[in-house]
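Residue strings, one per chain:
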Amino acid sequence: MSISNITVFMPSVLTLIGIPGLQSVQCWIGIPFCAIYLIAMIGNSMLLIIIKSERSLHEPMYIFVAMLGVTDIALATTIMPKMLGIFWFHVPEIYFESCLLQMWLIHSFQGIESGILMAMALDRYVAICYPLRHRAIFTHQLVTQIGAMITLRAAILVAPCLVLIKCRLQFYHTTIISHCYCEHMAIVKLAAENVRINKIYGLFVAFTIAIFDITFITLSYMQIFFTVFRLPQKEARWKAFNTCIAHICVFLQFYFLGFFSFFTHRFGAHVPPYIHILFSSLYLLVPPFLNPLVYGAKTKQIRIHVVKMLCS
């Protein structure tokens, strides 16, 4: 493939322009984004403190909630400081290697969060369908192993995206990224070479994680619903179903925003760029913001300890 004279060879610095078309009001957009980030940090930190300090919450379900909280804090912190630097302090430059590292962290944490939601669904399936065996099956050792496997799966699957960009793509049309953060496709689109392999592998990672996790989550909740509706007492049915409501809410909002951002990015040719950038940014910030609110409101044990903490 011929390389034009205007290409850049292995740029050392890239430029993130923020939200295309809304640069003049980015300083105001940064205010609600910063508020969402601060609430997410406070909410998830409170969850972690409560789960760690209360021995009654040292059960698999709450340990997975704590894992989700750690992932949410890490994911939001990976993108928010640089985003506010662009919006408020007009510092759009980022080193190429730092951009690749941010890309790897973002997509790895997304994969980890998806895996934790799958583990939560599996935990609820065993707790409701096989309650007498739940404690024997979901030991602390198994929970630790599940967390390690979920983390390694995401990190290993996403790592080749970084390697393919670094080793295959040397010439770039431009160093300006029309985004608030370093996203895989946003970087790949800068290249002046054949990026088909990069695109195919990116789709492979996204669909491998999403399809595998969504399939397990859907099957788990189908079995849970069948078991719950067969319970003879209405009160028992509601109590069993109520333990799953928070997980279902978190699952739906995570994947709904994810699929909307994914399909808009690849097939929404007529969608204004600022709409896509706003939704893709909210996709990373809204789950860390909503998750502690959902679990604090819908999980009785957590809600009780939150009230105790606030009252004291």
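Chains are numbered independently. Their residues run from 1 in the order of the written sequence. Under the rules for a predicted model, residues below a pLDDT of 70 receive no local features and side-chain atom pairs below 80 are neither given nor counted, while totals for whole chains, interfaces and linings still include all residues. Here the side-chain values reflect all heavy atoms present in the structure, with hydrogen atoms and water set aside.

In the nomenclature of an unreviewed UniProt entry, the protein chain corresponds to Olfactory receptor from the organism Ursus americanus. UniProt positions are given in the numbering used here, feature names are shortened, and annotations may be inferred rather than shown by experiment. Listed under Sequence similarities (unreviewed entry) in UniProt, the entry text for the protein chain is "Belongs to the G-protein coupled receptor 1 family."

**Q** Sorry if this is basic, but what is going on with the overall build of the protein chain here?
**A** For the protein chain, the helix and strand inventory stands at 10 helices and 5 strands. Each of the three principal axes of the protein chain carries a C-alpha extent, and together these read 75 × 40 × 35 Å. The buried share of the protein chain, taken over its 312 residues, is 48%. Long-range contacts, defined here as pairs at least 24 residues apart, represent 81% of the contacts in the protein chain between residues at least 6 apart. Per-residue and other accessible areas were derived by the Shrake-Rupley procedure at a 1.4 Å probe size, with only the shown protein chains allowed to occlude residues. In the form shown here, the protein chain has an accessible surface area of approximately 15,800 Å², with 71% of it arising from carbon and sulfur atoms. Going along the chain from the N terminus, every DSSP run of H or I of four or more residues is numbered as a helix, and every run of E of two or more is numbered as a strand. Only protein chains enter the calculation, and the probe is 1.4 Å; a residue is then buried if its accessible area is under 20% of its type maximum, exposed if over 50%, and partly exposed in between. Should any heavy atoms of two residues lie within 4.5 Å, those residues are considered in contact.

**Q** Even after reading the chapter, I still don't get the packing of helix H1 (residues 26-53) against helix H9 (residues 273-298), so can you show me in this structure?
**A** Geometry of a packed helix pair, given as the angle between the helix axes and the separation of the axes. Here the axes come from fitting lines to C-alpha atoms, over the contacting stretch only for helices, and the angles between their N-to-C directions go from 0 to 180 degrees. The interhelical angle for the contact between H1 and H9, taken along N-to-C directions, is 30°, at an axis separation of 7 Å. When the axes of H1 and H9 are compared, the crossing they make is left-handed. Taken together, the residues of H9 that come into contact with H1 (itself represented by Ile29, Phe33, Ile36, Ile39, Ala40, Gly43, Asn44 and Leu47) are Leu278, Ser281, Leu282, Leu285, Pro288, Phe289 and Pro292. Crossings are sorted by hand: turned counterclockwise from the far helix by less than a right angle, the near helix makes the crossing left-handed, and turned clockwise it makes it right-handed.

**Q** Explanation requested: the UniProt feature "transmembrane region" (unreviewed entry) in the protein chain in the structure shown.
**A** Under the feature "transmembrane region" (unreviewed entry), the UniProt entry names residues 28-50, 62-89, 101-122, 142-165, 200-228, 240-262 and 274-295. Structurally, residues 274-295 comprises 100% helix and 0% strand, and the distance from its first C-alpha atom to its last is 31 Å.

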